[in-house]
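Spelled out from the first residue to the last, the chains are:
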Amino acid sequence: MPKDMTSIRHDRLSRVMAFLQSKVKATHDEIFSVGEYNSERTFQNDLYYLRGTYGADIKYDVHRKMYVMESAGIFHINLKMTKAEIESLSAGLSMASHFLPHLKKSADSLWRKLSGYIPEEIISIGSEIVHTTMMSSPVAEVNADVFSTVLEAKHGKRSVNILYAAPERMPKQWILSPYDFYFRGNAWYMVSYNHKYGNLGIHRVSRIISASISDDEYVQPEDAGFSEDYVLSAWHVIPGFDKIPVKFHITEPLAESFREIKWHPTQKIEDSPEGGIILTAEVPNLYEVARWVMSGAPHIEVIEPEELRAIVKEIARVVLDKIN
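The paragraphs below set out a description of the structure included in this document. Numbering of residues begins from 1 in every chain and follows the order in which that chain's sequence is written. pLDDT decides what is reported in this predicted model: residues at 70 or higher carry local features, side-chain atom pairs at 80 or more are listed and counted, and totals for whole chains, interfaces and linings draw on all residues regardless. Side-chain measures were taken over the full set of non-hydrogen atoms in the model, leaving aside hydrogen atoms and water.

### Brief notes about the environment of Arg-51
Spelled out, the test is: Secondary structure counts use DSSP, requiring at least four H or I residues in a row for a helix and at least two E residues in a row for a strand, with both numbered from the N terminus. By definition in these notes, contact holds between two residues if any of their heavy atoms fall within 4.5 Å.
In this fold, Arg-51 is placed in helix H3 (residues 40-52). Arg-51 has contacts with Ala-56, Ile-58 and Tyr-67, leaving out every residue within four places of it along the chain.

This is the structure:
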């Protein structure tokens, strides 16, 4: 940090940068007020410093008489942190590197910069916790460039061209309008509008071979708030608009642990007169629930619907045939 970077100036520059980041365009007087400047010379010196040392691309539009933040450049951060805050930072960056593959290089780089100023014993505490979490939660490998592109398309409301490789099928080209992303079952999924078929689709991000911004017009969701509810409808991975009532009798030893787990937003749990619990919910896909039932056998019994019982029986029959 330069010798002339006093804490007062650093705080002032941080306020100005945060303001420009949020506003993008601001008048001279607005910035002057945020920075609490006493003189025009100090104001201009700070802009010069932000452009030079920070690398911030701040232009002045003479026609609109406004300053425009084209890009933020880099940041100088001067923070006082507690031991718990450092542990949180250590754990958070490690998890970001693991669960957000497109940020791995940046997260690792940031941690290398910060770790030189932090006592080793504090680093190890956060690292131990995260290591256990990551080992038990492997993430499907994702192409960082692909993930960055589809995220950029979602937030910039742009359509994308993707080359997608579904299991046991030839890769196909799709033009999609990304609506939302969610993480389930150790992988990232993208909810999007398929321009060819005119409907919603779910794509596993790790199976996208390549992605680029498309010139096709972005198709807005019919209901701007639909995506979160749509994603949460999934019992495990597959979301949908159907709401099929399901009911299970769950016996010990699973019943006790199931009382502690929120499997689905619609679930309701009550004690069963026969012991264990009765769990009810509304789900969009019975085949996914059937596989879940098999994973808990013989301690999960399907009470209803009959269609779900039939699917579970068929899966069990196939398993028995393979064993025999």
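### Let's talk about the packing of helix H10 (residues 286-295) against helix H11 (residues 306-323)
As a reminder, the rule being used: Think of each axis as a best-fit line through the C-alpha atoms, taken over the contacting stretch in the case of a helix, with angles from 0 to 180 degrees between the N-to-C directions. Each angle receives one of four descriptions, namely roughly parallel if under 35 degrees, roughly antiparallel if over 145, roughly perpendicular if within 65 to 115, and oblique otherwise. Take the far helix as your reference; a near helix turned counterclockwise from it by less than a right angle gives a left-handed crossing, and one turned clockwise gives a right-handed crossing.
Running from N to C, H10 and H11 cross one another at 55°; their axes reach a closest spacing of 9 Å. Relative to H11, the element H10 lies oblique. Our pair here, H10 against H11, has a crossing hand that is right-handed. On H11, the residues that touch Leu-286, Tyr-287, Val-289, Ala-290, Arg-291, Val-293 and Met-294 of H10 are Glu-307, Leu-308, Ile-311, Val-312, Ile-315 and Ala-316.

### What about the environment of Leu-254?
Rules: Relative accessibility thresholds used throughout: buried, under 20% of the residue-type maximum; exposed, over 50%; partly exposed, between the two (1.4 Å probe, protein chains only).
As for its position among the elements, Leu-254 is in helix H9 (residues 254-258). On the accessibility criterion, Leu-254 (21% relative accessible area) is partly exposed. The spatial distance from the C-alpha of Leu-254 to the C-alpha of Pro-298 is 10.0 Å, given a sequence separation of 44 residues. Excluding residues within four positions of it along the chain, Leu-254 makes contact with Gly-296, His-299 and Ile-300.

### A word on the sheet that holds strand E3 (residues 66-71)
Hydrogen bonds between backbone atoms are what pair the strands of a sheet, whose relative direction is either parallel or antiparallel. Threshold: Two strands qualify as a pair provided that DSSP identifies no fewer than 2 bridges between them.
Here we have three strands laid out as an open sheet, ordered E1-E3-E2, and antiparallel in their pairing. Of all the strands in the sheet, the pair left with one neighbour each is strand E1 (25-26) and strand E2 (57-61). The sheet contact formed by E1 and E3 spans two bridges and is antiparallel. When the sheet's bridge partners are listed, Lys-25 is paired in E3 with Val-68. Running over the sheet, H3 touches E2 and E3 and is turned about 15° from E3.

### Describing the side chain of Ser-177
In plain terms, the rule: Here a polar contact means two N or O atoms within 3.5 Å. Within protein one must be a hydrogen donor candidate and the other an acceptor candidate, and residues neighboring in sequence count only if both atoms are side-chain atoms.
Along the chain, Ser-177 turns up in strand E5 (residues 172-184). A polar side-chain atom of Ser-177 sits 3.0 Å from the main-chain amide nitrogen of Val-219.

### Looking at the pattern of salt bridges
The criterion, for reference: The term salt bridge refers to a side-chain nitrogen of Lys or Arg lying within 4 Å of a carboxyl oxygen of Asp or Glu.
In the structure shown here, the tally under the stated rule is eleven salt bridges. As a salt-bridge pair, Asp-46 and Arg-12 come within 2.6 Å of each other at their nearest N and O atoms. Taken together, the positions of Asp-46 in helix H3 and Arg-12 in helix H1 (residues 7-23) put the pair 34 residues apart, joining distant regions of the chain. The class for Arg-12 is buried, based on a relative accessible area of 14%. Shared partners join several salt bridges into a network, and the residues in it are Glu-252, Glu-256, Arg-259 and Asp-271.

### Considering a nonpolar patch on the surface
Put simply, the rule reads: Within the patch definition used here, like charges are joined within 9 Å and nonpolar side chains (Val, Leu, Ile, Met, Phe, Trp, Tyr) within 5 Å, considering only residues with over 30% relative accessible area and no salt bridge. Throughout, the Shrake-Rupley method with a 1.4 Å probe supplies accessible areas, and for residues the shown protein chains are the sole cover considered.
Together, Val-319, Leu-320 and Ile-323 make up an exposed nonpolar region whose accessible area comes to about 290 Å². On the secondary structure map, Ile-323 appears in helix H11. For Ile-323, a relative accessible area of 63% translates into the label exposed.

### Thoughts on the nonpolar core
Short version of the rule: Each nonpolar core is a collection of buried residues, namely Ala, Val, Leu, Ile, Met, Phe, Trp, Tyr and Cys, held together in the definition by side-chain atoms within 4.5 Å.
One finds Trp-235, Phe-248, Ile-250, Val-289, Trp-292, Val-293 and Leu-308 to be the most contacted residues of the largest nonpolar core, which totals 20 residues. If you list the elements that add at least two residues to this core, you get strand E9 (244-250), H9, strand E11 (277-283), H10, strand E12 (300-304) and H11. For this core, the leading source of residues is H10, giving five residues. Ignoring sequence-local partners within four residues, the contact set of Trp-235 consists of Phe-248, Trp-263, His-264, Leu-279, Ala-281, Val-283, Glu-288, Val-289 and Trp-292.

### A short note on unusual backbone geometry
Here Glu-252 and Pro-253 are connected by a cis peptide whose omega angle stands at 10°. The phi angle at Glu-36 is positive, at roughly 50°, despite the residue not being glycine. Structurally, Glu-36 can be placed in the loop between helix H2 (28-34) and H3. Residue class for Glu-36 comes out exposed when judged on its relative accessible area of 58%. Positive phi is not limited to glycine here, since Lys-157 has a value of about 55°. Along the chain, Lys-157 turns up in the loop between helix H7 (144-156) and strand E4 (160-164).

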